[in-house]
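# Coordinate inspection notes
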Amino acid sequence: MALLKVFISSLITEKALQVFEEKGIRTVTDFLGRDLEEVAQENALPFKDLVAMKRHILVKLSSSIRNGRELLQCVDSGIVYLSTGIKRLDDLLNGGIYIGEVTEICGGIAVGKTQICLSCLYYTTAVKQANVIYIDTSCSFSSTRVLELAGKKNQNEEEILSRVKHCACSDIFEIFQVIEEIRSGLDKKSDVFYSNIKLVIVDCIASVIYPILGGNQIDGHSLMVQISQKLKILAVDYSVAVLVTNNVVSSDDGKWLPSLGRTWSHVPHTRIILSSDNHQPGQRKATLVKSSRSSVPNNIKFYLPQGIT
Amino acid sequence: MSKSETGAQLLARLGGRPTLQGLEENLFNKDGPNGGDVFEFYGEEGVGKTELFLHFVTKVILPKNWNHFEIGGFGGKIIYIDTDYKFSILRLAKILNNRIRDIVNGVTMATDKQQDLKKPTEKDIDSFVKNCLQNVKLVRCLSSHQLICTLHSLENQVCECPGIGLILLDSISTFYWTDKASNMLDYNINQIKSILSKLVTDYNLVLFITKAALVKKKTKDLSNSFAMGDKSGKSDEMYQYAEFLGNTWHSFIQKRFIMIKEVSQNQSKFSLHCKQSKLTKKFTISDNGVQFL
């Protein structure tokens, strides 16, 4: 909600603003919502000036219109998805974690959410030579595990880890801060690290959202919506892949559902639910429950990647 | 004071807009939708709201004919307002590609005699799809405030471009919680509604809107269950609807389509229900987009 005052210029003068104020027109939306002919007659302001003011404000505030052809050209150049490092999971996801999307991995305790994140991180840094931001809310990042995945393939360990920026965040506001840093880094284009970012991981989003959801429903949900918007902007406008992990809750009929409720359920572009089988240690089941590329639900069984032991 | 305009202005405003009658006979009969129609598509997560919108987009932007193939589109332009950041240009391009390929392959098989009609190459199809995509105008908005400003600025765009016949807004519920937190929900919805209805009536456009089911219907509403009675049957229970954007918005919508998904044996079954026109339709989603059964 912008005040008209912000736009003071040779076009929108202090004097005009005073006249508006008397009529209760303070914000931009107040102004835009009025019929300009009426405003001109009531206040004896030139209609032409009002139209010019409106145009000036609209140019500054409205988002730009892009046509489909340009959009496709922007996407066509460059990589489309990042491998998770697990062949069967990649097949399920139609190639891997897509750039320009928010992908969510849901699962209970110790089903391998973080393992998939780390595996994806390893493949992005070592194979695609791209940089990764790891937003860690529950102290689950392990650099030794990343190196374990690298194994003895003669890769430069230093190089792999130098491509990762680890950000420990204990509440939602710290995540906002990190996202702002990433955005300004990407906007400036001078920082080599930021301009080569292809993957942002948030592990796990639920642990920072749970604390704000209690009490006042409205404020908590509002913050949750804001973080989801920031993540989506990062994915869509800056062409990175965003991978978040989430917990599960059991529904009335015993099925696993992603936690965080109805509003969050609309957020990710793609969602998989992981589960383990007590009789088959090490084996995991991944179910694709949301996707715009393949039919859902669809599931596969796989084993988590083994490192060197 | 009533406004006056010249005949030339009137023609620019109303003439030349593509008719969208027969856009989807499964949903709107043969003689709909008409200019000025405002329809809402409501549903939970993953019921195919955005997919259905892409289906409408493909139908509108494809031309009626291409070379000697009958495509059956409308050759119009659309404005797609994406507040949910869910619109995927890759997905749209893929649906267009698949549909055209199906048509091309189908026709050449049927008319074997006419060998002289040359089959378009992959390259031809590719550049044709790219040309069609030029008819999509995409706007993304980050807040209600930006949405309001953008809607005001769209008037110019619509005025300049007579090909625009359809505006899609996906979705109106995105800013619900943030607006509610800042106590601006009613004000913003009123503003959005008034500018949208001005656009739609002044320029004879069709408007489709999605709304996510963010709020659960209160199940312990006794009066409601009494009113429904026993005979309401299964369909009313399945197609539940809860209005959370207020009465202004409720009355703005002329028809509301409620979408649901049922999962059984690893198969998703999509369906759509409209109380106003007493219609229930099933559809599938594949690589070719939405297909009605």
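Residues numbered from 1 in each chain as written. Chains lettered and ligands numbered in written order. Predicted model: local features only at pLDDT ≥ 70, side-chain atom pairs only at ≥ 80, totals over all residues. Heavy atoms only, no water.

### Details of the pairing of strand β8 (residues 255-264) of chain B
Residue and element names in this part refer to chain B.
- In the sheet, strand β1 (residues 38-43) pairs with β8 via 5 bridges, with the strands oriented parallel. The residue of β8 that forms the bridge with tyrosine 42 is isoleucine 258.
- Between β8 and strand β9 (residues 267-274), which pair antiparallel and follow one another directly, the connecting turn spans 2 residues, one of which, glutamine 265, has a positive phi of 50 degrees. (Pairing = 2+ DSSP bridges. Helix = DSSP H or I, 4+ residues; strand = E, 2+ residues; numbered from the N terminus.)

### Thoughts on the environment of His166(A)
Residue and element names in this part refer to chain A.
- Considering the arrangement of structural elements, one finds histidine 166 in strand β6 (residues 164-168).
- Taking the C-alpha atoms as reference points, histidine 166 and phenylalanine 193, 27 residues apart in sequence, are found 13 Å from one another.
- Apart from the residues lying within four places of it in its own chain, the contact partners of histidine 166 are Tyr134, Asp136 and Phe141. (Contact = heavy atoms within 4.5 Å.)

### Brief notes about empty space enclosed by the protein
- A complete count under the given rule lists 2 cavities of 30 Å³ or more for this structure.
- By volume, the largest cavity is sized at about 210 Å³.
- Forming the boundary of the largest cavity are 18 residues, of which Lys232(A), Thr263(A), Val267(A), Asp84(B) and Thr174(B) lie nearest the centre.
- Of all the elements in the fold, those that place two or more residues in the lining of the largest cavity are α13 (217-237) and α14 (261-265) of chain A.
- A total of 5 residues in the lining of the largest cavity trace back to one element, the largest contributor, which is α13(A).
- Looking at side-chain class alone, the lining of the largest cavity contains 8 nonpolar, 8 polar and 2 charged residues. (1 Å grid on protein atoms, 1.4 Å probe; cavity = no way out; pocket = protein on both sides within 12 Å on 5 of 7 lines; lining within 4 Å. Points joined across faces, edges and corners; volume = space filled by probe spheres on them. Nonpolar A, V, L, I, M, F, W, Y, C, P; charged D, E, K, R; others polar.)

### With respect to the confidence of the model for chain A
- On average, residues of chain A score 87 in pLDDT, and 97% of them are at 70 or above.
- Mean pLDDT across the secondary structure elements of chain A bottoms out at helix α3 (residues 36-43) of chain A, with 81, and peaks at strand β8 (residues 241-246) of chain A, with 96. (pLDDT = per-residue confidence, 0-100.)

### Considering the packing of aromatic side chains
- Counting across every chain of the model gives 28 aromatic pairs over all chains.
- Centroid distance Phe193(A) to Tyr194(A): 5.8 Å. Interplanar angle 85 degrees. Geometry classified as edge-to-face. Judged on exposure class, the residue Phe193(A) and its partner Tyr194(A) are both buried.
- Here the aromatic rings of Tyr42(B) and Tyr241(B) are separated by 4.6 Å at their centres, their planes lie at 70 degrees, and the arrangement is edge-to-face. With a gap of 199 residues between them, Tyr42(B) in strand β1 and Tyr241(B) in the loop between α10 (233-238) and α11 (247-252) connect regions that are remote in the sequence. Taken individually, Tyr42(B) and Tyr241(B) each receive the classification buried, so the pair is uniform in this respect.
- Through pairs of rings, three or more aromatic residues link up here, namely Phe28(B), Phe39(B), Phe41(B), Phe53(B), Phe56(B), Tyr80(B), Phe87(B), Phe208(B) and Phe257(B).
- Lying over the aromatic face of Tyr98(A), Arg293(A) brings its terminal NZ or CZ to 3.3 Å of the ring centre. (Phe/Tyr/Trp six-rings, centres within 6.5 Å; stacked < 30°, edge-to-face > 60°. Buried < 20%, exposed > 50% of the residue type's maximum accessible area, 1.4 Å probe, protein only. Lys NZ or Arg CZ within 6 Å of the ring centre and 35° of its normal.)

### Let's talk about the sheet that holds β6(A)
Residues and elements named next belong to chain A.
- Here we have 8 strands laid out as an open sheet, ordered β6-β5-β7-β8-β4-β11-β12-β13, and mixed in their pairing. A strand with exactly one partner marks an edge of an open sheet, and here the two such strands are β6 and β13 (298-303). In this sheet, adjacent strand axes meet at a mean angle of 20 degrees when their direction is disregarded.
- When strand β4 (residues 102-107) meets β8, the two strands line up parallel, connected through 5 bridges. (Axes fitted to C-alpha atoms, helices over the stretch in contact; angles between N-to-C directions.)

### What to know about the packing of helix α6 (residues 144-160) of chain B against helix α8 (residues 185-203) of chain B
Residues and elements named next belong to chain B.
- Close contact between α6 and α8 brings their axes to 10 Å; oriented N to C, the two are set at 10 degrees. When the axes of α6 and α8 are compared, the pair comes out roughly parallel. In contact with Ser144, Leu147, Ile148, Leu151, His152, Leu154, Glu155, Val158 and Cys159 of α6, α8 contributes Asn188, Gln191, Ile192, Ile195, Leu196, Lys198, Leu199 and Tyr203.
- Among the residues forming the contact of α6 with α8, the class breakdown is 11 nonpolar, 4 polar and 2 charged. (Parallel < 35°, antiparallel > 145°, perpendicular 65-115°, else oblique.)

### Digging into the interface of chain B and chain A
- Across the contact, 57 residues belong to chain B and 54 residues belong to chain A.
- The largest per-residue losses of area from chain B upon contact with chain A belong to Glu45(B), Tyr85(B) and Trp177(B), which jointly make up 15% of the total buried on that side.
- When the shortest N-O distance is used, the salt bridge between Lys290(A) and Glu45(B) registers 3.8 Å.
- Joining chain B to chain A, the criterion identifies 17 residue pairs in polar contact (both at pLDDT 80 or more).
- In terms of residue count, the dominant contributor to the side of chain B that touches chain A is α6(B) (9 residues).
- The residue inventory of the side of chain B that touches chain A, partitioned by class, reads 25 nonpolar, 17 polar and 15 charged.
- Pairing of strand β1 (residues 66-67) of chain A with strand β5 (residues 136-140) of chain B, which is carried by 2 bridges, proceeds in the antiparallel orientation. Looking at β5(B), one finds that Asn67(A) is bridged to Lys137(B). (Buried area = accessible area lost by both parts, 1.4 Å probe. Salt bridge = Lys/Arg side-chain N within 4 Å of Asp/Glu carboxyl O. Polar contact = N/O pair within 3.5 Å; in protein donor to acceptor, adjacent residues only side chain to side chain.)

### Brief notes about helix α4 (residues 47-61) of chain A
- Between its first and last C-alpha atoms α4(A) spans 21 Å; for 15 residues at 1.5 Å apiece the expected length is 21 Å, and the two agree.
- The set of residues buried in α4(A) consists of Leu50(A), Met53(A), Lys54(A), Ile57(A) and Leu58(A). Axial view of α4(A): buried residues confined to an arc of 130 degrees, hence all on one face. Opposite the buried face of α4(A), by more than 90 degrees, sit the exposed residues Lys48(A), Arg55(A), Val59(A) and Lys60(A).
- Buried residues in α4(A) make contact with α1 (14-22), α2 (28-33) and α3 of chain A together with α6 of chain B. (Expected span 1.5 Å × (residues − 1). Arc of directions from axis to C-beta.)

### Concerning the state of the cysteines
- Overall, the coordinates contain 0 disulfides over all chains when judged by the stated rule.
- Among the cysteines around Cys106(A), which has no disulfide bond, Cys204(A) carries the closest sulfur, lying 9.5 Å off.
- Unpaired in terms of disulfides, Cys132(B) finds its nearest cysteine sulfur in Cys161(B), a separation of 15 Å.
- What makes Cys132(B) buried here is its relative accessible area of 4%. (Disulfide = S-S within 2.5 Å.)

### Overview of the side chain of His273(B)
Residues and elements named next belong to chain B.
- Positionally, histidine 273 belongs in strand β9.
- Judged by relative accessible area, which is 9%, histidine 273 ranks as buried.
- Within the local environment of histidine 273, its side chain forms a polar contact with the side chain of threonine 280, the two groups lying 2.9 Å apart.

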